[in-house]
Amino acid sequence: MATYEYDCPRCGRFETHQVIGTAPASHACPDCHRSTRRVFSAPHLTSVPAPLRAALDRAERSRSEPDVVTEVPS
Ligand SMILES: [Zn+2]
């Protein structure tokens, strides 16, 4: 399980706990039930070295926003 943050424009930020890699881009606010947007953060990875944290963040984002490859890597 991992903690994911969402930002409700009316009620503010809230957290959900879901299986790693399954967090949707939007989630219903538990208070007003409006659709909210996910906030990308790594709140429990502060002791991880910066290069590894950047790689983990990039891998997480690539699930919904994959990098575009225009040529075969050498
Ligand atoms: Zn709300």
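Numbers given to residues run from 1 along each chain, matching the order in which its sequence is written. A pLDDT threshold of at least 70 governs which residues receive local features in this predicted model, and a stricter bar of 80 or more applies before side-chain atom pairs are shown or counted, although totals over entire chains, interfaces and linings include all residues. The side-chain values count all of the structure's non-hydrogen atoms but skip hydrogen atoms and water molecules.

Labelled according to an unreviewed UniProt entry, the chain appears under the name Putative FmdB family regulatory protein, originating from Saccharopolyspora hordei.

**A few points about the coordination of the zinc ion**
Inclusion rule: Shown as donors are all N, O and S atoms within 2.8 Å of a metal ion, widened to 3.2 Å for Na, K and Ca; because water is not in the atom set, sites may appear incomplete. In these descriptions, tetrahedral denotes four donors with every angle between 85 and 135 degrees, square planar four donors and octahedral six donors with opposite donors over 155 degrees apart and the rest between 65 and 115, and irregular any other case. Strands here are runs of E lasting at least two residues and helices are runs of H or I lasting at least four, both read from the DSSP assignment and numbered beginning at the N terminus.
Looking at the metal site, the zinc ion is ligated by C8 (SG), C11 (SG), C29 (SG) and C32 (SG), spaced 2.3 to 2.4 Å from it. Geometry at the zinc ion is tetrahedral, judged from its 4 donor atoms and the angles of 104 to 112 degrees they form at the metal. Mapping the donors of the zinc ion onto the primary sequence yields the spacing C-x2-C-x17-C-x2-C. Taken together, the positions of C11 in the loop between β1 (2-8) and β2 (12-18) and C29 in the loop between β3 (26-28) and β4 (35-39) put the pair 18 residues apart, joining distant regions of the chain.

**Focus: the side chain of Q18**
Which entries qualify depends on this criterion: Nitrogen and oxygen atoms within 3.5 Å of one another constitute a polar contact, given that in protein one can donate a hydrogen and the other can accept it, and given that sequence-neighbouring residues count only through two side-chain atoms. We call two residues in contact whenever any of their non-hydrogen atoms come within 4.5 Å of each other.
On the secondary structure map, Q18 appears in strand β2. Of the polar contacts made by the side chain of Q18, one reaches the side chain of T16; its length is 2.8 Å. Each residue touching Q18, except ones within four places of it in the same chain, is listed here: M1, A2, Y4, Y6, A23, P24 and H27.

**Regarding the UniProt feature "domain: Putative regulatory protein FmdB zinc ribbon" (unreviewed entry) in the chain**
Selection rule: UniProt positions are given in the numbering used here, feature names are shortened, and annotations may be inferred rather than shown by experiment.
Under the UniProt annotation, the feature "domain: Putative regulatory protein FmdB zinc ribbon" (unreviewed entry) is placed at residues 1-41. Within residues 1-41, the helical portion is 0% and the strand portion 54%, while the C-alpha atoms at the span's ends are 15 Å from each other.

**What about the pattern of salt bridges?**
As a reminder of what qualifies: Put simply, a salt bridge is a Lys or Arg side-chain nitrogen that is within 4 Å of an Asp or Glu carboxyl oxygen. Accessible area is worked out with a 1.4 Å probe on protein chains only. A residue is then buried under 20% of its type maximum, exposed over 50%, and partly exposed in between.
Enumeration according to the criterion identifies 2 salt bridges in this entry. The closest approach of N and O atoms between E5 and R13, which form a salt bridge, is 3.9 Å. On the accessibility criterion, E5 (16% relative accessible area) is buried. Overall, R13 belongs to the exposed group, its relative accessible area being 53%.

**Observations concerning the packing of aromatic side chains**
Inclusion rule: Pairing of aromatic rings covers Phe, Tyr and Trp, the last through its six-membered ring, and needs centres within 6.5 Å; plane angles under 30 degrees mean stacked, over 60 mean edge-to-face, and all others mean tilted.
Counted under the stated rule, the structure contains 1 aromatic pair. The interplanar angle of 20 degrees and the centroid separation of 5.8 Å between the aromatic rings of Y6 and F14 together place this pair among those described as stacked. F14 matches Y6 in its accessibility class, with the two residues each being buried.

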